[in-house]
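Chain residues, written in single-letter form:
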Amino acid sequence: MSNTTPTFATRIENVHLATMRNEGYGSVENAVVLIDADGVIGYAGASQQAPTHQAEQVIDGAQGWLTPGLIDCHTHLVWAGSRANEFAQRLHGVSYQQIAEQGGGINATVQATRAATREQLLTLARQRAQALMAEGVTTIEIKSGYGLDLANERKQLQVARQLGEELALTVTTTLLAAHALPQEYQHDADAYIELICDTIIPTLNDEGLVDAVDAFCESIGFDLAQTERVFAAAAAHQLPIKLHAEQITNMRGAELAAKHRALSADHLEQLDESGVKAMAASGTVAVLLPGAFYFLRDTQQPPIALLRQHGVPIALATDANPGSSPIHSLLLMLQMAATLFRLTPEECLRGVTCHAAQALGFSDRGEIAAGKRADLVLWDIQDPAELTYQYGVNPLRRVWVAGQQR
């Protein structure tokens, strides 16, 4: 029998951990993390109890804090064009409805995205993804929804897949064909829903481009019956669902999402206690989007107290998109969630780690623990609260994705 000591690929020592397990940060001071050759954590805990196994590489954490890799669980990252002109128009007093009547709004982005080549979209989306990666993001969800037909929804999702292949980043895709009515279906929403259910979902799923299905259930989007048809089509293809719900009006979308055991319901400014209870019973995560709340100058906050009271997991995301949240900083979302929604620093960090992982259906990341994927970020901070407290100074020191330093 060999007496060779098992060797780990990486040992990170002289570091503090925000494991995001149990309550708060799940802090462990003066800790060690061991990562195996498969990019999986073999040990994470106090240095006194750490195995003495050799490692091919030893990293001195210099008393920094190690967190799970950050997860942006709601983005619309693939689009072309700019809506800065609309932003300026609104500041000059032009209403959103007037802008839409002039061909602006989502329709303007759809036109620009349809006109762009796949290569042009890839270049634009890569820049946005790299901005998120620079702040420690290791997993990102990317929605379609600016194509609104088979060919262009396919193009958006292909770009998202290619980003995941090119970058040291996990990209999970969500089909959001039910985002808005395309011009060619302006007077027949049910016919467009039929196209989504009978053609777009099955075709793009068969092509391996879809990880989940989403819809915009809203007074200016799709009603409950239409949304439920989309959910049924997703279920027929064993695809998990998510939902844009209760952003502008209370359509009872969160309750519908919970009924179908959605991974998440997102936005939720108009959510009431009935919806909160339904989400709690189904395990549906509440994804809050403070960037959109801020950019649209909303005044109705999500029901934070009710979400806490009923134990609904709260995730945070950038909602990066050209119309309502043209923001590509997940660290800024921590600051906004704390200042605008009064979330605690612990809630904020959980919102972009363990709860964000849950919102995407991942059980292998979002925490620092043995058996979890070694997506990790080392920060030059003295307290994890600094990630929420300050903005404009990036304390990131190192990033590991599946155990490989990025």
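Residues numbered from 1 in each chain as written. Predicted model: local features only at pLDDT ≥ 70, side-chain atom pairs only at ≥ 80, totals over all residues. Heavy atoms only, no water.

**Regarding the nonpolar core**
So, step 1. One finds L175, I196 and L268 to be the most contacted residues of the largest nonpolar core, which totals 94 residues.
So, step 2. The element contributing the most residues to this core is helix 12 (residues 330-341), with nine residues.
So, step 3. Residue assignment places this core across two domains, with domain 1 (8-68 + 367-405) and domain 2 (70-360) each supplying three or more.
So, step 4. Formed by 14 residues, the second largest nonpolar core is a distinct cluster that contains A31, I35, I41 and W400. (Core = buried A, V, L, I, M, F, W, Y, C linked by side-chain atoms within 4.5 Å. Buried < 20%, exposed > 50% of the residue type's maximum accessible area, 1.4 Å probe, protein only. Helix = DSSP H or I, 4+ residues; strand = E, 2+ residues; numbered from the N terminus. Domains from an automatic or database assignment.)

**Concerning the packing of helix 4 (residues 118-133) against helix 5 (residues 150-166)**
So, step 1. Contact geometry of helix 4 with helix 5 gives a least axis separation of 9 Å together with a crossing angle of 50 degrees. Taken together, the axes of helix 4 and helix 5 lie oblique to each other. Taken as a pair, helix 4 and helix 5 cross one another with a handedness that is right-handed. Across the interface between the two elements, R118, L121, L122, A125, R126 and A129 from helix 4 touch K155, Q158, V159, Q162, L163 and E166 from helix 5.
So, step 2. Residues of the contact of helix 4 with helix 5, tallied by class, amount to six nonpolar, two polar and four charged. (Axes fitted to C-alpha atoms, helices over the stretch in contact; angles between N-to-C directions. Parallel < 35°, antiparallel > 145°, perpendicular 65-115°, else oblique. Left-handed = near helix turned anticlockwise from the far one by under 90°. Contact = heavy atoms within 4.5 Å. Nonpolar A, V, L, I, M, F, W, Y, C, P; charged D, E, K, R; others polar.)

**Let's talk about empty space enclosed by the protein**
In this approach a probe as big as a water molecule rolls over the atoms, and the regions it shows empty are the leftover space.
So, step 1. Summed over all chains, the structure comprises one cavity of 30 Å³ or more.
So, step 2. As a volume, the largest cavity reaches approximately 40 Å³.
So, step 3. L331, E386, L387, Q390, Y391, V393 and P395 are the residues that line the largest cavity.
So, step 4. Looking at the lining of the largest cavity residue by residue, the classes come out as five nonpolar, one polar and one charged. (1 Å grid on protein atoms, 1.4 Å probe; cavity = no way out; pocket = protein on both sides within 12 Å on 5 of 7 lines; lining within 4 Å. Points joined across faces, edges and corners; volume = space filled by probe spheres on them.)

**Observations regarding the sheet that holds strand 11 (residues 264-267)**
So, step 1. Spatially, eight strands are ordered 6-7-8-9-10-11-12-13 in an open sheet, and the strand pairing comes out parallel. Lying at the two open borders of the sheet, with one neighbouring strand each, are strand 6 (70-72) and strand 13 (314-316). Each strand of the sheet is rotated relative to its neighbour by a mean of 25 degrees, with strand direction disregarded.
So, step 2. As judged from the three bridges shared by strand 11 and strand 12 (residues 285-288), these two strands associate in the parallel manner. Of the residues in strand 12, the one forming a bridge with A265 is A286. (Pairing = 2+ DSSP bridges.)

**What about helix 7 (residues 224-236)?**
Note on helix geometry: an α-helix contains 3.6 residues per turn, so any two residues three or four positions apart are oriented the same way.
So, step 1. Spanning 13 residues, helix 7 covers 18 Å between terminal C-alpha atoms, matching the ideal 18 Å at 1.5 Å per step.
So, step 2. Among all positions of helix 7, only Q226, T227, V230, F231, A233 and A234 are buried. The arc that holds the buried residues of helix 7, viewed along the axis, is 160 degrees, so those residues lie on one side. Those residues of helix 7 that are exposed and aimed more than 90 degrees away from the buried face are A225, A235 and A236. (Expected span 1.5 Å × (residues − 1). Arc of directions from axis to C-beta.)

**Some remarks on the packing of helix 6 (residues 189-206) against helix 7**
So, step 1. Between helix 6 and helix 7, the shortest axis-to-axis distance is 10 Å and the interhelical angle comes to 10 degrees. Between helix 6 and helix 7, the crossing angle belongs to the class labelled roughly parallel. Side by side, helix 6 and helix 7 meet where A189, D190, I193, E194, I196, C197 and I201 of the first sit next to Q226, R229, V230, A233 and A234 of the second.
So, step 2. Taken together, the residues of the contact of helix 6 with helix 7 sort by class into eight nonpolar, one polar and three charged.

**Some thoughts on the pattern of salt bridges**
So, step 1. On inspection of all chains with the given rule, the structure shows 18 salt bridges.
So, step 2. When the shortest N-O distance is used, the salt bridge between E166 and R126 registers 3.0 Å. In this pair, E166 sits in helix 5 while R126 sits in helix 4, placing the two residues 40 residues apart along the sequence.
So, step 3. Residue E166 is classed as partly exposed on the basis of its relative accessible area of 38%.
So, step 4. In this structure, D190 and R229 form a salt bridge, with 3.7 Å as the shortest nitrogen-oxygen distance. (Salt bridge = Lys/Arg side-chain N within 4 Å of Asp/Glu carboxyl O.)

**Some remarks on the domain arrangement of the protein**
So, step 1. Each domain of the protein was delimited in the assignment, giving domain 1 (8-68 + 367-405) and domain 2 (70-360).
So, step 2. Computed over C-alpha atoms only, the centres of domain 1 and domain 2 are separated by 30 Å.
So, step 3. On the side of domain 2, 22 residues touch domain 1, which itself brings 26 residues to the contact.
So, step 4. For the pair domain 1 and domain 2, the summed buried area comes to about 1,800 Å², and 66% of that belongs to carbon and sulfur atoms.
So, step 5. Among the residues domain 1 hides against domain 2, the three largest losses belong to M20, T388 and Y391. Together they make up 33% of the total. (Buried area = accessible area lost by both parts, 1.4 Å probe.)

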